[in-house]
Amino acid sequence: MVKLNLRLPDALHARLTARAAADRRSLNAEILHFIEVALNSRVLDAESPGGDSASPAPLRGKPDSSPA
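Within each chain, residues carry numbers counting from 1 in the order of the written sequence. For this predicted model, a pLDDT threshold of at least 70 governs which residues receive local features, and a threshold of 80 or more governs which side-chain atom pairs are given and counted, while totals over whole chains, interfaces and linings are taken from all residues. Only hydrogens and water are set aside; all other atoms, that is, all heavy atoms of the structure, feed into the side-chain values.

Visitor: Could you give an account of the overall build of the chain, naming the residues involved and the relevant values?
Guide: Counting secondary structure elements, the chain contains two helices and zero strands. Remark: exposure states derive from per-residue accessible area (1.4 Å probe, protein chains only) relative to the maximum for the residue type, with buried under 20%, exposed over 50%, and partly exposed in between. The buried share of the chain, reckoned over its 68 residues, is 4%. Residue burial considers only the protein chains on display, and all accessible areas are found by Shrake-Rupley using a 1.4 Å probe. By element, 58% of the accessible surface of the chain is carried by carbon and sulfur atoms, the whole surface being about 6,500 Å². A run of H or I in DSSP counts as a helix once it spans at least four residues, and a run of E counts as a strand once it spans at least two, with each numbered from the N terminus.

Visitor: Please provide a residue-by-residue account of unusual backbone geometry, values included.
Guide: Positive phi outside glycine occurs at R24, with the angle close to 55°. With respect to the element layout, R24 can be found in the loop between α1 (10-22) and α2 (27-47).

Visitor: Lay out the environment of L16 in plain terms, naming residues and giving numbers.
Guide: Considering the arrangement of structural elements, one finds L16 in helix α1. Looking at L16, the relative accessible area reads 12%, which means it is buried. With 10 residues separating them along the chain, L16 and S26 place their C-alpha atoms 9.8 Å apart. Sequence-distant contacts of L16, that is, excluding residues within four places in its chain, are made with L8, L27, E30, I31 and F34. Any two residues whose heavy atoms approach within 4.5 Å are treated as being in contact.

Visitor: How would you summarise α1 if you had to cite specific residues and measurements?
Guide: Each α-helix winds once per 3.6 residues, and so residues spaced three or four apart point in a common direction. Spanning 13 residues, α1 covers 18 Å between terminal C-alpha atoms, matching the ideal 18 Å at 1.5 Å per step. Of the residues one or two after α1, R24 is the one with positive phi, at around 55°. Working rule for helices: expected span equals 1.5 Å times residues minus one.

Visitor: Explain the side chain of E30 to me, and be specific about the residues and the numbers.
Guide: With respect to the helices, strands and loops of the structure, E30 is situated in helix α2. Polar contact is defined as a pair of N or O atoms within 3.5 Å, subject to the rule that within protein one atom must be able to donate a hydrogen and the other to accept it, and that residues adjacent in sequence are counted only when both atoms are side-chain atoms. Of note is the side chain of E30, whose polar atom sits 3.0 Å from the side chain of R25. Contacts of E30, omitting those with residues within four sequence positions, involve L16, R19, A20, D23 and R25.

Here it is as structure tokens:
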């Protein structure tokens, strides 16, 4: 198993912690769950008609986070 040091914005950490508590999971298990769900949905999207597994997913972040 790989250990990973991850920095999260405070607001995202709070949302993940609340969601983990609601789902009765540890924070680590909740993050793993979200990653697995996201990766599985990408596989399903690529297998659907017109799906393109070679095209990257759109970046999601703050609108001001793009380089200018």
